[in-house]
Amino acid sequence: KKLLTSKDAEDTKPNDFLFTPAGLQRKILCKGKHQPPTGMSRDAPDRDFSDDLNDLFFLHGKKFSSVASVLKFPHYAIMSIDEKRAEAWERDCDTYANINKVCFTRTYPAGKRIDSTNYNPVPGWNIGAQVVALNYQTKDFGMRLNRAKFMANGRTGYLLKPKCLRMKNISPNTYGDRKQLTVTVICGVKLPRPRNSHKGEVIDPYVQLFISGVEGDDTSSTPKETAVVYNNGFNPAWNETFTFNINSVEMALLTLRVMEKDTYSRDDFIAENSVPLSHLRLGYRAVPLVDDAMKPVPAPSCLFCHFDLTDAFREVHDRDL
């Protein structure tokens, strides 16, 4: 293993082999607020910095002030923005996604999350941020979605961004892989009871389906739902078909979430699974499930579904929402 230093960064060019996943094998990169050498102008002259420690930072932390200033940063610069700014940048993706073609961005949870909950990582991915930092100790939907995202590429931890998020001559949001996804939820097999349910309780399950992805694809706030099957968690049958118009298969994740209908209080989460559309296996599939602690639900529990992804694309109608 080798620790890459500040000098290693300064000796590189943006397209060097070092910046590929293969080039970074067995390499350690540290990020920090890099200061100029002793004797030169510093951002905080009243603070003492160790030059030896300073030299350990391969990624040089920089503050965002304007798009024009960022475009002058070296290619090994990295900015940190909180979740709110990431959401704001996503709304103006054409402007801010170009920043991440020339330097690094890290997104992080807002300081108000004192309970270590996670934010939605999708806006960070949509603007091309290289590091979307999460609270790994909390196994909520943000972490479960992150797990699904990085199941792709053999779970190596590296994913290649779409061309429009990494190539300067292509505008952001021009993905060029528009498809129509058709999902038929056929039935469930031995679905578990919700956590903290009573012994002997029989569940009333239904399935929510939604897409997490780019603007126009994301339906996480308005999921589609099957009918409720009452008093049957052993082999509930739905045989219901849903369609989703997808602008970017590369950025989309499909979530199938099993819920229990509760007449007198909020519906209970049972289990779910999310999968990147780019790695979705088509045809008839048994979909394994994970619980709210990201632990696999033991077989044979699953959803039996049929998936199809076609080139057909039509306008979205109210009945599809």
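To keep things clear, this report deals only with the structure shown in the data block. Worth saying up front: this structure is predicted, and the values here are computed from it rather than measured.

## So, the sheet that holds strand 12 (residues 268–276)
Strands in a sheet are paired, the pairing made by backbone hydrogen bonds, and the direction either parallel or antiparallel.
So, point 1. Spatially, four strands are ordered 9-8-11-12 in an open sheet, and the strand pairing comes out antiparallel. Whereas interior strands pair on both sides, the edge strands pair on one side only; in this sheet they are strand 9 (224–225) and strand 12.
So, point 2. Note: strand 8 (residues 205–212) against strand 11 (residues 253–260), eight bridges, orientation antiparallel. Residue pairing in the sheet places L209 in a bridge with L256 of strand 11.
So, point 3. Its contacts with the sheet place helix 7 (residues 141–149) against strand 8, strand 11 and strand 12, and it is angled at close to 30 degrees to strand 12.

## Topic: the nonpolar core
So, point 1. M79, W89, I99 and W125 are the most contacted members of the largest nonpolar core, which has 29 residues in total.
So, point 2. Those elements that provide at least two residues to this core are strand 4 (77–82), helix 4 (83–91), helix 5 (93–96), helix 6 (122–126) and helix 7.
So, point 3. For M79, the residues in contact, after removing those within four places along its chain, are K62, F64, V70, F73, W89, I99, C103, F104, T105 and R106.

## What about helix 7?
In an α-helix, one full turn covers 3.6 residues, which means residues spaced three or four apart are oriented alike.
So, point 1. When you tally the buried positions in helix 7, you get seven out of nine residues, the bulk of the element.
So, point 2. Along helix 7, the residues classified as buried are G142, M143, R144, L145, N146, A148 and K149.
So, point 3. Each element contacted by the buried residues of helix 7 is listed here: helix 6, strand 8, strand 11 and strand 12.

## What about the environment of H306?
So, point 1. For H306, the location among the structural elements is in strand 14 (residues 302–310).
So, point 2. Sequence spacing of H306 and R155 is 151 residues, and the spatial spacing of their C-alpha atoms is 25 Å.
So, point 3. In contact with H306, not counting residues within four places along its chain, are T182, V183, T184, I186, G283 and Y284.

## A closer look at the state of the cysteines
So, point 1. This structure, assessed with the given rule, holds zero disulfides.
So, point 2. C30 carries a free sulfur, and the closest cysteine sulfur to it, the one in C103, is 19 Å from it.
So, point 3. A relative accessible area of 28% places C30 in the partly exposed class.
So, point 4. Sulfur of C305: no disulfide; nearest cysteine sulfur belongs to C187 and is 8.2 Å away.

## Some words on the side chain of R257
So, point 1. Inspection of the secondary structure puts R257 in strand 11.
So, point 2. Of the residues examined, R257 reaches a relative accessible area of 14% and is grouped as buried.
So, point 3. A polar side-chain atom of R257 sits 2.7 Å from a polar atom in the side chain of E272.
So, point 4. Ignoring anything within four residues of it in the chain, the contact list for R257 reads F141, R144, Y206, V207, Q208, F210, F269, A271 and E272.

## Thoughts on the pattern of salt bridges
Where charged atoms of side chains with opposite charge meet at close range, the side chains can pair.
So, point 1. In the structure shown here, the tally under the stated rule is seven salt bridges.
So, point 2. Note that R144 and E272 form a salt bridge whose closest N and O atoms lie 2.4 Å from each other. Residue R144 is found in helix 7, and its partner E272 is found in strand 12; the two are separated by 128 residues along the sequence. This pair shows no difference in class: R144 is buried, exactly as E272 is.
So, point 3. The salt bridge partner of R257 is E272, with a shortest N-O separation of 2.7 Å. On the criterion of sequence distance, the pair formed by R257 in strand 11 and E272 in strand 12 is long-range, its members being 15 residues apart.
So, point 4. We classify E272 as buried; its relative accessible area is 1%.
So, point 5. One salt-bridge network, held together by shared partners, links R144, R257 and E272.

## So, the packing of aromatic side chains
So, point 1. Counted by the stated rule, this structure contains six aromatic pairs.
So, point 2. Measuring from ring centre to ring centre gives 6.4 Å for W125 and F150, while their planes differ by 70 degrees; the resulting arrangement is edge-to-face. Remark: F150 occurs in the loop between helix 7 and strand 7 (179–189) and W125 occurs in helix 6; sequence separation between them is 25 residues.
So, point 3. Residue W125 is classed as buried on the basis of its relative accessible area, which comes to 8%.
So, point 4. For F150, a relative accessible area of 26% gives the class partly exposed.
So, point 5. A ring pair is formed by Y284 and F304, whose centres lie 6.0 Å apart and whose planes are at 20 degrees; its orientation type is stacked. Here F304 lies in strand 14 and Y284 lies in strand 13 (residues 283–287), a separation of 20 residues in the sequence.
So, point 6. Judged by its relative accessible area of 57%, Y284 is exposed.

Calculation rules
- Residues numbered from 1 in each chain as written.
- Predicted model: local features only at pLDDT ≥ 70, side-chain atom pairs only at ≥ 80, totals over all residues.
- Heavy atoms only, no water.
- Pairing = 2+ DSSP bridges.
- Helix = DSSP H or I, 4+ residues; strand = E, 2+ residues; numbered from the N terminus.
- Contact = heavy atoms within 4.5 Å.
- Axes fitted to C-alpha atoms, helices over the stretch in contact; angles between N-to-C directions.
- Core = buried A, V, L, I, M, F, W, Y, C linked by side-chain atoms within 4.5 Å.
- Buried < 20%, exposed > 50% of the residue type's maximum accessible area, 1.4 Å probe, protein only.
- Disulfide = S-S within 2.5 Å.
- Polar contact = N/O pair within 3.5 Å; in protein donor to acceptor, adjacent residues only side chain to side chain.
- Salt bridge = Lys/Arg side-chain N within 4 Å of Asp/Glu carboxyl O.
- Phe/Tyr/Trp six-rings, centres within 6.5 Å; stacked < 30°, edge-to-face > 60°.

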